[in-house]
Amino acid sequence: MNHDKFMRRAIALSIENVQSGLGGPFAAVVVKDGEIIAEGTNCVTSTNDPTAHAEVTAIRKACKKLGTFQLEGCIIYTSCEPCPMCLGAIYWARPKEVYYGNNKNDAAEIGFDDDFIYKELDIDLAMRKIPMKQLLHQEALEGFKAWTEKEDKISY
């Protein structure tokens, strides 16, 4: 597997993305069996979508192309170490490997600092900057009960 080739593609896409004005300097490539099956760039500002990070965009495209919600046997190459949201998406997609170029410290140096999110995850809900309060717990459990009782569900 030529990992450098695919990482260079992610890096080139990140540079093109900056030059196009469509978003930040982030790009990702999803590879399966030595072939690029999807590419994604950060398009947060051009789409007004805070979830339109490169990895999420690439994962969505790859899953659509493969007709599945998991990226079994795939490798993700991303121009930067994934942020907490993208990391979560990657774990849900379950690729076999991830390679990244820049790290989170490099990103912080140019104004993309995710450290506050990592810190928020480690503190009690009541202490977080965005208040999170449980509401209608017993009613909400009905949805979980329906899932538990559903015999023909697709587990993931």
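Residues numbered from 1 in each chain as written. Predicted model: local features only at pLDDT ≥ 70, side-chain atom pairs only at ≥ 80, totals over all residues. Heavy atoms only, no water.

Engineer: Explain the overall build of the protein chain to me, and be specific about the residues and the numbers.
Structural biologist: On a plain count of helices and strands, the protein chain comes out with 7 helices and 4 strands. Starting at the N terminus, the α and β elements of the protein chain follow one another as α-β-β-α-α-β-α-β-α-α-α. Each of the 156 residues in the protein chain was classed as buried or not, and the buried ones make up 30%. Excluding contacts between residues fewer than 6 apart, the proportion of contacts in the protein chain whose partners are at least 24 apart in sequence is 48%. With an accessible surface of roughly 10,500 Å², the protein chain has 55% of that area assigned to carbon and sulfur atoms. Side chains of the protein chain carry 18 positive and 23 negative charges; the gap between the two charge centres is 4 Å. (Helix = DSSP H or I, 4+ residues; strand = E, 2+ residues; numbered from the N terminus. Buried < 20%, exposed > 50% of the residue type's maximum accessible area, 1.4 Å probe, protein only. Contact = heavy atoms within 4.5 Å. Areas by Shrake-Rupley, 256 points an atom, 1.4 Å probe, with all protein chains shown as cover. Lys, Arg positive; Asp, Glu negative; His and termini not counted. Charge placed at Lys NZ, Arg CZ, Asp CG, Glu CD.)

Engineer: I'd like a rundown of the side chain of Ser 14, residues and numbers included.
Structural biologist: Note that Ser 14 resides in helix H1 (residues 3-20). Here Ile 11 takes part through its backbone oxygen, which lies 2.6 Å from a polar atom of the side chain of Ser 14. (Polar contact = N/O pair within 3.5 Å; in protein donor to acceptor, adjacent residues only side chain to side chain.)

Engineer: Mind laying out the packing of helix H3 (residues 54-66) against helix H4 (residues 84-93), listing which residues take part and the relevant values?
Structural biologist: H4 packs onto H3 with a crossing angle of 25° between their chain directions and a minimal axis gap of 8 Å. Looking at the two axes, H3 sits roughly parallel to H4. The chirality of how H3 crosses H4 is left-handed. Here H3 contributes Glu 55, Val 56 and Ile 59 to the contact with H4, which in turn contributes Met 85, Cys 86, Ala 89, Ile 90 and Ala 93. Broken down by class, the residue content of the contact of H3 with H4 amounts to 7 nonpolar, no polar and 1 charged. (Axes fitted to C-alpha atoms, helices over the stretch in contact; angles between N-to-C directions. Parallel < 35°, antiparallel > 145°, perpendicular 65-115°, else oblique. Left-handed = near helix turned anticlockwise from the far one by under 90°. Nonpolar A, V, L, I, M, F, W, Y, C, P; charged D, E, K, R; others polar.)

Engineer: Quick one: what's the story with unusual backbone geometry, residue by residue and with numbers?
Structural biologist: Generally, phi is negative for residues other than glycine and the peptide bonds are trans, each holding for most cases. One non-glycine residue, Asn 48, lies in the positive phi region at around 55°. For Asn 48, the position within the fold is in the loop between helix H2 (44-47) and H3. Among the residues examined, Asn 48 registers a relative accessible area of 70% and is labelled exposed. For Arg 94, which is not glycine, the phi dihedral falls at a positive 60°. Mapped onto the elements of the fold, Arg 94 is located in the loop between H4 and strand S4 (97-102).

Read these as layout, nothing more, since geometry by itself doesn't imply function.
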